Every structure is written in C-alpha cells, then in structure tokens.
Amino acid sequence: NTAAMSRRSGFKDPPLGPTETAKEDEWTNEDMENFRKTDLAQQFEEVKSLETQKLSASELNTFATAKKIVKVVTMLVVFLIVLSATVVSKGATFLMVSQVSTTRSPTPFCTNNIPYLYANLTGPVVSNSSGQEKIAWLWGLFFSFLAPELLVFIQSFWNYLTRAEKREENQEDEKDGEREDQDKSTGKIKENQLLQIDFIIVSFFEVAHAAGTAILFTIAFPEMDSIQAIMATSALCWFPGFLLLFKQVKEDTSKKIVKISLTVISLLVQMTALVWPVVWGLDNQTDKRVWALPVGLFLTSLGWWEGFVGDWVTGYLSQLKTKLMDHENSADMNLGVAPLKICTFILIFAFAPTLNSPSELFTLFIDSFTTFDYFLNPTWTLETPIYHITTILESIEIFWKGPVLVILVQIISSWVAYIFGKFACKGKIQEWCYALPLSVLATPICVISLLQLCYNKKSDACVYASFPPHVFFHCPQEVWAWDWRWMGLLWFLSQLWITHHIWFPKNEKLEKTDHIFGADLYSGLLIDQSLMLNRRSDEEKNTKMESQEEDKPGKIRIKGCATLWHETSEEMTVMLQSTFRMDDWTKKMKETPGHRDYFDWELHVFFDDAMATKSNGKVIVNDFVETLRKTIEDYGEKYYGPTKWSVDLEKFKTPYGGRMVWQLPGGTSINVHLKNKKKIRHKKRWSQIMYIYYFLVYMLKNDGLTEEEIEDRKKNTFLLALDGDVDFQPDAITKVVDLMKVNPKVGAACGRIHPTGTGPMQWYQKFEYAIGHWLQKATEHMLGCVLCSPGCFSLFRAEALMSHNVMHTYTTMASEPKHLVQYDQGEDRWLCTLMLKQGWRVEYCAASDSFTQCPEGFKEFFNQRRRWMPSTMLNIVDLISDSKTVIKNNPDISKGYMFYQSFMMFGTVFGPGSIFLMLIGAFSTAFGISNDTALIINAVLAGGFVVACCVLKGPEQVRLAELLTVVYAIIMIAVYIGIILQIIQDGPESLTALSFFVTFGSFLFAAIIHPMEFSCLFCMPIYMATIPSMYMLLMIYAIFNINDVSWGTREGPKSAEDKVKEEEEKQNRVPDGVLGFVQSQLDSTLNGLLCCMCCGNADKNEEKMKKIERSLNRIERHLNIDSAEQMPDNPTNLSDKSDMPKKKDEGTIEKIIETDNQNDSAKPNKTSGIGLLSLKGVTKRWDIFLKTQKEKVIENWNNNLDEKEKDFWVKLIEQYLLPETFNDEKRKKEVQGLLELKNSAAGGFVLINVMWISAFYMLQAHTNELGIIWPLGGKLTSISFDTNDQYSNQIILDYVYLQVDVLGMLFAVGFIGLMLLQFITMIIHRLLTLEHIVSSTDLRKPTDQDCKSEKKKLENIGSNLVNRGQHTSDV
C-alpha cells in the first residue's frame, strides 16, 4: 500500500533491502490509464465472475451427507431387526418343540397362579402337558412350515394365471407365422424350458428337504433338550459343504490348499453329527435320536444345493440351476413341488411319536387350541399326578394366552427376518446386516439366553409370570454343565466356514430375488440356516464387471439426446453444467477400472428450426444457435479454465442442415445437430425419430459388428432423453441405469422431476409435481407400469425402441384430428404407450433427481397444460380401449391395474363437475346462503368462463382464467373454513371429515417419509387455493382449445407460413351470418373489458410498441437488413454485440456514415470527438461482424459427412422426415377436422358434467327421501329411562345418523379407497427407494489415491485462475 501511494504521489519507492540499490521508475498518467483499463478491469471481472458463479439446483440438492446419515441409521435398524427377528423365530420354534417332547423334564410350576392349590399343597410341584395339549403345538410346527410354502404356491399360481392368456395368444401367433423375427429367441426359449427329468430331480431334493425337516422337528428334536437341539441346527451344511469342496478343487488360486483343508475339516466336523447320536444311543436303545437325527440332518441339507452350484459346475446341476433362475420357470416348478412338500410333511407329521393315533390331530384340534390341559405332580413322586388342570380359554384369550400367539409370533418373525435380510442383500449392506447377525450372533445369543432362562426358572418357578404356568422350554438337567456342548461349538465353527461366502457378496444393486437366493422363499422352521445356505455363492458375478471395460459384451453405452428450440442462454447454461459434470465424471470413471457404475457417454443436441434463409438464398444459423455457440464457448472457458478449454469447433454440412462438434477435455463430446425445417421435418417427435434411427440403425449397422454383438448392443445401449434446460448430476443417470440392469424387460425409466423457478406458479407446480410423484407415479410403478416417462429426463432401452411396432408406429403421420393431439402434443407419453402395448415395462426411480425449468407465468403454464391434458387423456383412453391386447402382451399390467386407470380417468372427466358441486356446498356452509343461491353464483362464474372459451381468443381466455383464479383463491379461504365448520357440525366420522383427513393426512405423511422434499409441503396452501382453477377452469380451457396444436411455450417469431395458417384459423373460427356478427361483437366487447381489468394500459403500451417497430423498420430499410434476420437482443448497446447487420453494398453504408459525420459537424464542438470515436467503434465492430456472418453461412462450412452417413440421412429423410408440404386444401381440412374434434369433445364434456351436476344436486336436494343412512358418526340426541317397569334398569339412548345421497357416498368412498391405495403403495415404493439409496451410498473414507486426485484437482483450479488472469491480460 505504501509503494502504491508513493507511485501515485510521484515519490520513488524506498530501497527494498540493505544490499538493493535498484530504483523503480515513476508511474506516468499513461501507465495509470493502462492499469485501470487492464489490471483493474481484469480483477473486477474475476470478482464479478466469482460472485455470479452460483450452485445449480442439482448441486444444492445432492444431500450427500444426509444420505450417509440415512444409510447408517438404516444399517443399524436393519441389523437389529434381522437379529431380533431371527432370535425370536428360533426361540418360538423350539418353545413349540419343547411342548411336543415326551421325554421333557417336568417344568417347575408356580402355584401362585392358582390360589386354591397354593393353600392345599405342602411342597413344590411340577407340570406335564397332556396328550391333548401337545396336539396344538404339533399343529403350530406344521403351520410354521406351511406359511412360506403356501405363500410360494399362491405366488406361483398367480403367475401362472397371468401368463395363461398370453401363452395362448403367443401360440396362436407362432402357428400363424406372424412373428418370424422371433424365431431365434423362440429357439432359446425352447432350450431353456423345463423338462420332465428336471421336475423329477428338483422334486427329489425338495421332498427330501421337507421329509428331513419333519423328522427333525417331530421326532429328533423333541427327544433333545432345547440347547442341544439349537446346537444341532448348525450341523445342516454337509451337502453344501461337498459342493463347496468340489468348487474349490476346480479353482486355480494361490490359497487353494488352505481353502480345501478348511473345507475338509469342516465337513468332517459336520459328519460327526451323523455319528454322535449313534454312539450316545448305545446305552439307550429307545432314544429316537439314534436314527432320526442323522437321517433328518442328511435329508434336510439336500434342499440347499442350488445356492452352492455356480458356473464352475459344467454338469447337469449347473444347467438346471440356470433354468430355475428364470422367474417363470421357477414359478412353474414351485406350482408342482410345493404341494408335494406339504403332503410329505403332513405324512410324517401324522405319525409323530407324541400321537396315539393320527386321527387325534383332527378330533382334538379345536379343544387343543381352546383349553390348557396338563397334570401336576409333586417333586417327590413324578409317577402319579395329584391334579389334572383344564383351563378353558374364551374369545380373545385364545389368541393372547394360547398356542396361537406363539405360532403367529413365529410366522411373523420368520417373514420379517427374510424380508429385511433380502433388503440387506439388495441394499449392499449384507456384511453387517445379514452375515453378522445370522452367522455369528443368532445361535450364540439363543443358546446363552435359553441357558439363563432355564437357570432363572429352576431358581424361581414364578419368575416368568407372563408365561402360561405349564409352558416352558425343555431345559437341560444341569444348566451350565459343559457336557457335549463342545460338539455344538465345533458344528457352529464349521458352519461359519462353509457359509463364509455371505461375507463377500458380489451381487449388483437391487439384484433380483431369483439371483440372490436359491429357493424362492425360506424355511419357516430353520430361518437362519435357510437364509445362510440359500444365499447364492455368486462368484460368477466377478466376470460381469470386466465387460464394462473396452468393447466387451455387456458394456453400457448411453447417448444423451437433448432437444432444443428457443431456450435462453441461462437455460442452456444449466444443461451445459450437467454436460460438463458428466465429462468430468466420465474421465474419473475411466481412471477407475472395473467400476460398477461406469458407462460410455456422449451428448447429442438436436436443434429444431435452427436455420434462417436470407433474401439472397444463403442459409445461415439463427440467433438461437449463435446463443448456444457463445454459451458453450463462454461457459466452457469458465468451467475448465483457458488452458484446458482449447477446444476447436468442427462444423459439418449435412442433408438435414448442419452439425457442430466440440470434443471436451474429459474425452466426451457435444454434437449439435442443426435442423433446417425446409429440409427436414421439425418438432420434438421428429427429432426423437431422427436420433433413434441414427443411433440404433446407422451406428449399429456400420460399426462392423456381428449379429451377436448387435443384439448385445441393443440390450446395453440406452438413450437418455433430455430437455434443453435440464439440470442433473451423474448419480441421477446411474440410478436409472440400475433399474435397467436389474430387469431386462424395463424399456424406459424416469426419475423424480423437480420444477425450478420463482413465483406462485412455480410454488404450485412444486407441490403438484411432489404429490404426482409421491402418490401417482409410485402407485403406477407398484400396481403395473408408469404410463409416462417424461422427455425432460428419461432413459430408454435401445432394444425396446427397436421392437416390433414401436418405432414403426411412432413414425406415423397424423391422419386424423385426434392423432394431431395424441401424437405430437404429448410425444413422450405416446412413445410409452406404444412400448407398454408391446410388453415393455416402464418404471419410476425416486432416487434419481433432475431439475427442469417450469413455466413461471400463468399464460405459459395454461398453454403448457392445454397441450398436455388432451394428449394424456387420449393416450389413457387408447390403453383402456385396447386393454385386452395390452394385458396379453404385458405381464406387468393386469385387469386390476386397468380398472385403476379407468377410475382415474373417470375422476378426470367428472372432476370439474365434482369441484363445482364441492363449491356449492362450501359456499352454502361458509357464507350462510342456500344451495340454490350457491348454485347460481357458481354457474355464473363457471358458465361465464365456458361462454368466454367459445367466443374469445386464447390469450383473452387465459386472462379471464387468471382473473377467476384470483377470485376463486380468495373464496377458497372461506370454503376451507366452511369445510371445517361442516366437520364440526357433522362429526369426525362423517364422509366430509374422512375425505378431508385422508387427503391431508396422506399429504403430510408423504412429506414426512420424503424428508429431503419436505419443503414442498410449504407450497400446499397455493395448491389448495387454486384447486377450482386447476381442476375446473384448466380442464375447460384445455378441452375448448383442443384444436390449438401450437406448442404454446417458447414461441419464437412466426414464419410467413405460420401467419397464413393462423389467419385461416381465425377465418374458420368465426361463422358467417348473424351468428358470426354476434360472436365478433361479443368478442370485441369482452376483449376490451378484459384488457381494462387485467392489463391496464395495454392498448397504450401496444401503440408504443408499434411506434418502436416502425422506427426499427426504417432503420432496417436504411441498413438493408433482410427480413429473415432477427435483431440483436439489446440493439441499444451495440458496443457489446457482434451481430451487426451485413451490408449489401459499400455505397449505402458509406452514405450513412457521411450523413452521420455531417450531422456531427453541425453539433457543438464538444460533441464532435464523441461522434468520431463512435464512428471508429462502428467500423471496427463491422469488420468483426463480417467475419462472424461468414462463419454463420452453412455453405462456407468445409467439413462434409462420410458418404455412408450422408446416404443414411438422405434415405431416412425421404422415408420418414420430409417436410410437410404447404397445401391449402389439406390445411383447411386439417383445421376443419380439429374444429369438429373440439366441438364434439367440448359438447360431450359439458353435457356429461352438467348431467353429473344435475343428478348430484337433485339427489342432495331430496336426501331425506332418496338418501341412505351413513352408519358412522351418530349423534346422541337424548337419554331416557324405561319407566314402565319399576324393576327395569334400561337406559334408552337416541342417536341420529347423517343421511347422504347414494352417488355422493359412492364417490366419497371411492375417493377414500383410492387415497388409501395410493398411500399403501407409496410406502412400499418408498422402502424400495430407501433400498436403492442405501445401496448407492458409499460410506468409505477417501483413500490416499482419492486425496491425491482431490489435491490435484484443487491445484488445477488454482492454476486455471492464474492462467485466466494471464490470458485476460494478454488479450
């Protein structure tokens, strides 16, 4: 600072050191001026750029730390649930086994429970269950075994029924030869079909498993105490151990000898369980363990073969295992095997030693569950019982005190352990939440807990008062004696080694259940062993990740396909942020070989209407393309820095227009395809057809691939449809890719779309999008398929797009008026409709977040929904009308799902009438007026808008809708107060109250279980206040403007052709004669009124704009600007623009300059210098502009496409994409057809809603005569006593119940049921989303390599800042 001050004052700097004598020269005024112009300007610009560099919406909403916290909490919860459920299931199982035992030591009995006995007994007593008591516990073991088997059978039977019709249809098609292109796949299916020998082999394994389980739990384990029996369950691994040994022998690893040795030792230890009971039983020839335990263990272990057979087996079992991994084959197998297993268990269970005869199972079934029946013996003589106690259980006691409670606890806890164990495997938290509780903790905790329970029971018979007095575990004679328990410890350790594969999972995220477990469900009586031994040892997964490298089969390729039209620079910047992030991410993934999430990425931008033709015939890119080019250059330099952003722009001439290509520093590219609408058909659908054929036909056919490689490419190539303003993180793509990897039948997947922007309209859409995704999309995903995968961010599978009748139909030209609406107004929904009809699944991934700009103005929003709503309705009607074919072709869509969509469509069509009726009742309650008066008021408001939609133009309709929206929003405040008053009046159990509580309760709970989106709930007041506008006025506006097929948003300057079309529509809109005269007069009158009410001085502003336009036209004539060109965005600030108009002839511009000089010379002298400076600036900018204009001319682009590609585009354009010719007759026919469609749709819409309103209103008016009594919420009106009989104690209570009309009750009950259905499916889908988030979140700390990479990145950022300053200084 001192040096700078001395320079400014002209003093020299003092010496810098004792040995330094150099002196700096004084600064001149010229130096100071240069300093101000260069260094200071550069510093200010850098500060400005840092200030304006804000985080995008996707960066602000990554919630990385929150997701890690969620994962930690989830891991803790899942760990505790799996462990506790397993321990409870095991404890309940062996509690039932203990009651069946015939050799159990008598249980110490607590006489406090029976005071009479306590007074008459002189010593302690013990209890023994009777034969009748044991029957209930035997049935409990059977029900515990039956529960998962019955569930498997029901699932398989349902799967068979849903495929029955489809199978018949496919057989007919194959006979008729209608699917010749599927011959190859049909051959593969035949090779993968189950054979009779397959059924025999699988039946042998499964029946042996069921027989072994029955022998263990009805014969062997009842003869053992509970501690020995639990330890013996660890000796069930000998057959899986042999398979493991066979696999290790074939391995070629350095640790092969060690692994084989440990496996052999473990097998020998396991086999001691077969010998030990025999040796022990030599002294006791009647002990059934001598034969039952070895046989039971041997047979039971045969059931877990599938989890230990992998690709390393080349024989029959490997092929059989591959067949059973197909879900349909597995279902067919279970359909026959499950009944055999159940019958086998019943056969052995019927001859249990506990029974005197099998008939007792049925004759004493009821009594065994409704009574406690046991004997009491004194401890000094156990042979003769002194009491026979029979306790009869009544009503709820049967479920609370008897065997039923233990059975239910066992079944539910086993199911919970399986469900959360599966969650742990799919969520990639298997080591801590599956392997640790099952293999290490469950058995020791059970053993130690039972030992302590037995010790406490023997010490004090009354210590566990909650147990029935005669029910307890089979405790050993000596609780803490070592005895033979060291054998159980060895079995446990050998089991730990044989099942060690569960500590090293290799499955993908969200893997299918068939690929995680061998059998479909679990063993109800051996939950921990079944979960460990049934888990596949999926070492074959190792080879999958190799395919992600280079060009090996299975490599994922994603083509980003963005469509642009009239986006602003800010919106383009948002998309470029996402693109550059993808470039960085791709580079990072390439540096991490074998990463599971890696995929090949490139971006293609398809720019609609990108060209303009000058009057001299030259074709140039328009200003929107120039904006994109400048945005890419400016933001690229800002993002990467000047040193890295040394990117050359390649420009190509193409048959459809042009192409610009940028190769980004990370190795990816941006390919911008510029469409000339005079050469190729424009609009979004045709851009989609353009890139689908380009990627999936040209690139596949011209890469020199074999047929197998092409098929692999189809399955693993995906197109990511993007809008030009979308903002997303790379993680959003990986999550939708996860869904594609898990299920190859998923043809499309979309993520959670978040609308961005500001203002009330954005607030409304924020909540609307939230409940639409929370409730509707989640329900569609769970019940069937999502109907629409939005084009702003959706992933499509190449194989699905190329399937039969998808792309072929998608290229169809609209031949009917409704096709213009269905095909082109909602192209993404129509594409999904075609995919659903061909059997492909469309899913919703709530874990994938993307952000897109939403309409911030009321007019833009209404026009957007005017385009969406009719298209949505037509596509849903198309699906419903063709439901039979859809259900046959698509296994994920059922009749129930189609009924759900029909009900939703019913609510959409009758929604305006229902809102109208709701307003009548609310008006009456809130304002204290009669229903007739409320009807008239609402009829004036709604009917007036209907009339306005008939006679006014679109903009005036929107103005009136905006005005009515404000009016309704104010009224809705009173309406909600009226609803609350009605709830108070009718009670909380009335239909109104239940509907209110269910609606708002579901919204609140949905926000709670979506904590990262909880802020959406704060926008709910705007949503609730605008319900009449958005569900009534908007529907009316959309139906009455269905003939308007313009885009409605981001409209640019109209071409001459569009102006002619618009003029024709105006002429055809107003009829001739008296009706036309009246309509025109009404139109002008209402238009003027609305301008005064809504727009203020709109006419004056319009007149000013016309004057400005005339002035600009005069300037245009002077400068000879072609009419096809557009003026710069800010014509008053020419110093910052390079888009100056190109001159036609030098004389003209020189004349203008001379005129300017003459005018300047006539002015005072003090301004002449400014005029001269301005002239120099214009001349310099003119030279820059000439160069820019030359680059904009397409004919000057030197690069040409490859001949093959050029031929491809020519053929594609000729076949599908030729621009539509302008034909007066065709245009008139099209306009007339749309008007007829509008008239029929609007007339039908008004008619059915008026009929709906009339029927409802009349029924409500005559509720007393035609209504029915609502059974809930009765009001107590009086209390009276029966005075006729003096001995009577009767009290008479008089209740009055509400009477409701039939239609109202049906509609309200249907609405409540719909909300409850959406609520339940939302919870299930949320659990799946939690599973996805947990599996995708990494808790590992950064490694040294990660730290080095991050340090290098920071160094690069610092050097970029320095280089940017140096670069600016050089310029």
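Residues numbered from 1 in each chain as written. Predicted model: local features only at pLDDT ≥ 70, side-chain atom pairs only at ≥ 80, totals over all residues. Heavy atoms only, no water.

Counting its regular elements, the protein chain contains 52 helices and 21 strands. The buried share of the protein chain, reckoned over its 1371 residues, is 50%. Put simply, of all contacts in the protein chain between residues at least 6 apart along the chain, 79% involve residues at least 24 apart. Split by element, the accessible area of the protein chain, about 66300 Å² in all, is 60% carbon and sulfur. (Helix = DSSP H or I, 4+ residues; strand = E, 2+ residues; numbered from the N terminus. Buried < 20%, exposed > 50% of the residue type's maximum accessible area, 1.4 Å probe, protein only. Contact = heavy atoms within 4.5 Å. Areas by Shrake-Rupley, 256 points an atom, 1.4 Å probe, with all protein chains shown as cover.)

Quick look at the packing of helix α38 (residues 931–951) against helix α39 (residues 954–986) now. It is the contact of α38 with α39, at a shortest axis distance of 10 Å, that shows an interaxial angle of 165 degrees. Taken together, the axes of α38 and α39 lie roughly antiparallel to each other. Seen from above, α38 lies across α39 with left-handed handedness. Contacts from Asn938, Leu941, Ala942, Gly944, Phe945, Ala948 and Cys949 in α38 reach Gln957, Leu960, Ala961, Leu964 and Tyr968 in α39. A breakdown of the residues in the contact of α38 with α39 according to their chemical character gives nine nonpolar, three polar and no charged. (Axes fitted to C-alpha atoms, helices over the stretch in contact; angles between N-to-C directions. Parallel < 35°, antiparallel > 145°, perpendicular 65-115°, else oblique. Left-handed = near helix turned anticlockwise from the far one by under 90°. Nonpolar A, V, L, I, M, F, W, Y, C, P; charged D, E, K, R; others polar.)

Moving on, we come to the packing of helix α29 (residues 760–783) against helix α51 (residues 1302–1336). The N-to-C vectors of α29 and α51 enclose an angle of 75 degrees; their axes lie 8 Å apart at closest approach. For the element pair α29 / α51, the angle class is roughly perpendicular. When α29 is examined against α51, the residues Trp774, Leu775, Gln776, Ala778, Thr779, His781, Met782 and Leu783 are found in contact with a partner set consisting of Met1315, Leu1317, Gln1318, Thr1321, Met1322, Ile1324, His1325 and Leu1328. Residues of the contact of α29 with α51, tallied by class, amount to ten nonpolar, six polar and no charged.

Going through the model one piece at a time under the given rule, you end up with 29 salt bridges. Residue Lys341 is joined to Glu206 by a salt bridge in which the shortest nitrogen-to-oxygen separation is 3.0 Å. Residue Lys341 is located in helix α14 (residues 327–349), and its partner Glu206 is located in helix α8 (residues 196–220); the two are separated by 135 residues in the primary sequence. Here the residues in one salt-bridge network are Glu149, Glu206 and Lys341, joined through shared partners. (Salt bridge = Lys/Arg side-chain N within 4 Å of Asp/Glu carboxyl O.)

So, about α8. Helical geometry: 3.6 residues make up each α-helical turn, so side chains three or four residues apart lie on a common side. The first and last C-alpha atoms of α8 sit 34 Å apart over 25 residues, in line with the 36 Å expected at 1.5 Å per residue. α8 sits mainly inside the fold: 18 of its 25 residues count as buried. (Expected span 1.5 Å × (residues − 1).)

Our next topic: the side chain of Ser687. Considering the arrangement of structural elements, one finds Ser687 in helix α26 (residues 684–701). Ser687 gets classed as buried once you look at its relative accessible area, which sits at 0%. Ignoring sequence-local partners within four residues, the contact set of Ser687 consists of Thr563, Phe606, Asp608 and Lys675.

If you walk through the whole model with that rule in mind, you get twelve cavities of 30 Å³ or more. In this model, the largest cavity occupies a volume close to 350 Å³. Forming the boundary of the largest cavity are 26 residues, of which Glu206, Asn334, Lys341, Ala519 and Asp520 lie nearest the centre. Among the elements that line the lining of the largest cavity, the one with the most residues is α14, at six residues. Of the residues that constitute the lining of the largest cavity, the class distribution is 13 nonpolar, eight polar and five charged. (1 Å grid on protein atoms, 1.4 Å probe; cavity = no way out; pocket = protein on both sides within 12 Å on 5 of 7 lines; lining within 4 Å. Points joined across faces, edges and corners; volume = space filled by probe spheres on them.)

Before going further, it helps to examine the sheet that holds strand β11 (residues 669–675). Reading across from one edge, β13-β16-β14-β15-β12-β5-β6-β11-β10-β9-β17 is the order of the eleven strands in this open sheet, with mixed pairing throughout. Edge positions in the sheet fall to β13 (727–728) and β17 (1199–1200), since each has one partner strand and no second. Judged from the seven bridges that link them, strand β10 (residues 657–663) and β11 form a sheet pairing that is antiparallel. Considered in β11, the bridge of Met660 is made with Val672. (Pairing = 2+ DSSP bridges.)

With 76% of its residues at a pLDDT of 70 or more, the protein chain shows a mean pLDDT of 79. Taken as a whole, residues 1–25 scores under 50 in pLDDT and shows twelve contacts with residues more than four places along the chain or in a different chain. Predicted confidence for residues 1089–1100 stays below pLDDT 50, and this span has ten contacts to residues more than four positions away or in other chains. (pLDDT = per-residue confidence, 0-100.)

Geometry of an aromatic ring pair is reported as the spacing of the ring centres plus the angle between the planes. Counting across every chain of the model gives 66 aromatic pairs. Ring geometry for Phe153 and Phe157: centres 6.3 Å apart, planes at 10 degrees, overall stacked. With Phe153 and Phe157 both in helix α6 (residues 131–176) and four residues apart, this pair spans about one turn of that helix. Among the residues examined, Phe153 registers a relative accessible area of 27% and is labelled partly exposed. Taking the centre distance of 6.1 Å and the plane angle of 40 degrees together, the rings of Tyr635 and Tyr639 count as tilted. Within this pair, Tyr635 and its partner Tyr639 are both found in helix α25 (residues 623–640), separated by four residues, close to a single helical turn. For Tyr639, a relative accessible area of 28% translates into the label partly exposed. Clustering of aromatic rings is evident, with ring pairs tying together Tyr764, Phe767, Phe858, Phe861, Phe862, Phe996, Phe997, Phe1000, Phe1003, Tyr1023, Tyr1031 and Tyr1037. (Phe/Tyr/Trp six-rings, centres within 6.5 Å; stacked < 30°, edge-to-face > 60°.)

Quick look at the environment of Phe1000 now. Mapped onto the secondary structure, Phe1000 falls in helix α40 (residues 991–1008). Phe1000 sits 20 residues away from Met1020 along the chain, and the two C-alpha atoms are 9.8 Å apart.

What follows covers the side chain of Ser301. Among the secondary structure elements, Ser301 is positioned in helix α12 (residues 289–301). Sequence-distant contacts of Ser301, that is, excluding residues within four places in its chain, are made with Leu236, Trp238, Phe239 and Pro240.

Attention now goes to unusual backbone geometry. A positive phi angle, close to 60 degrees, is found at Lys428, a residue other than glycine. Tracing the sequence through the fold places Lys428 in the loop between α18 (403–426) and α19 (430–459). Positioned with a positive phi, Leu510 is a non-glycine residue whose angle comes to about 60 degrees. Checked against the element boundaries, Leu510 lands in the loop between α20 (485–498) and α21 (513–516). By relative accessible area, Leu510 is classed as buried at 10%.

Judged by side-chain polarity, Ile1269, Leu1276, Ile1279, Ile1291, Leu1293, Tyr1295 and Tyr1297 come together as a nonpolar surface patch covering roughly 700 Å² of accessible area. Among the elements of the structure, β19 (1275–1281) and β20 (1291–1296) are those that each provide at least two residues to the nonpolar patch. Top element by residues in the nonpolar patch is β20. It accounts for three residues. Among the structural elements, Ile1291 can be located in strand β20. Taking relative accessible area as the criterion, Ile1291 reaches 51% and is therefore assigned exposed. (Patch = residues over 30% accessible without salt bridge, like charges linked within 9 Å, V, L, I, M, F, W, Y side chains within 5 Å.)

Moving on: the state of the cysteines. Per the stated rule, a full pass over the model turns up one disulfide. Cys750 provides the cysteine sulfur closest to Cys845, a residue in no disulfide bond, and the two sulfurs are 8.6 Å apart. Sulfur of Cys1019: no disulfide; nearest cysteine sulfur belongs to Cys1016 and is 6.5 Å away. Exposure remark for Cys1019: the relative accessible area of 8% places this residue in the buried category. (Disulfide = S-S within 2.5 Å.)

Let us now look at the environment of Leu964. Take Leu964: it is sitting in helix α39. Residue Leu964 is classed as buried on the basis of its relative accessible area of 9%. C-alpha separation for the pair Leu964 and Pro1028, spaced 64 residues apart in sequence, amounts to 9.3 Å. Residues within four places of Leu964 in sequence aside, it is in contact with Leu941, Phe945 and Leu1033.

Our focus in this paragraph is α14. When the terminal C-alpha atoms of α14 are compared, their 31 Å separation across 23 residues agrees well with the 33 Å that a helix rising 1.5 Å per residue should span. Of all the bends found along α14, the most pronounced is centred on Asn334 and spans about 35 degrees. The N-terminus of α14 is capped by Asp326, whose side-chain oxygen sits 3.2 Å from the backbone nitrogen of Glu328. (Bend = angle between axes of the 7 residues up to and from the residue. Polar contact = N/O pair within 3.5 Å; in protein donor to acceptor, adjacent residues only side chain to side chain.)

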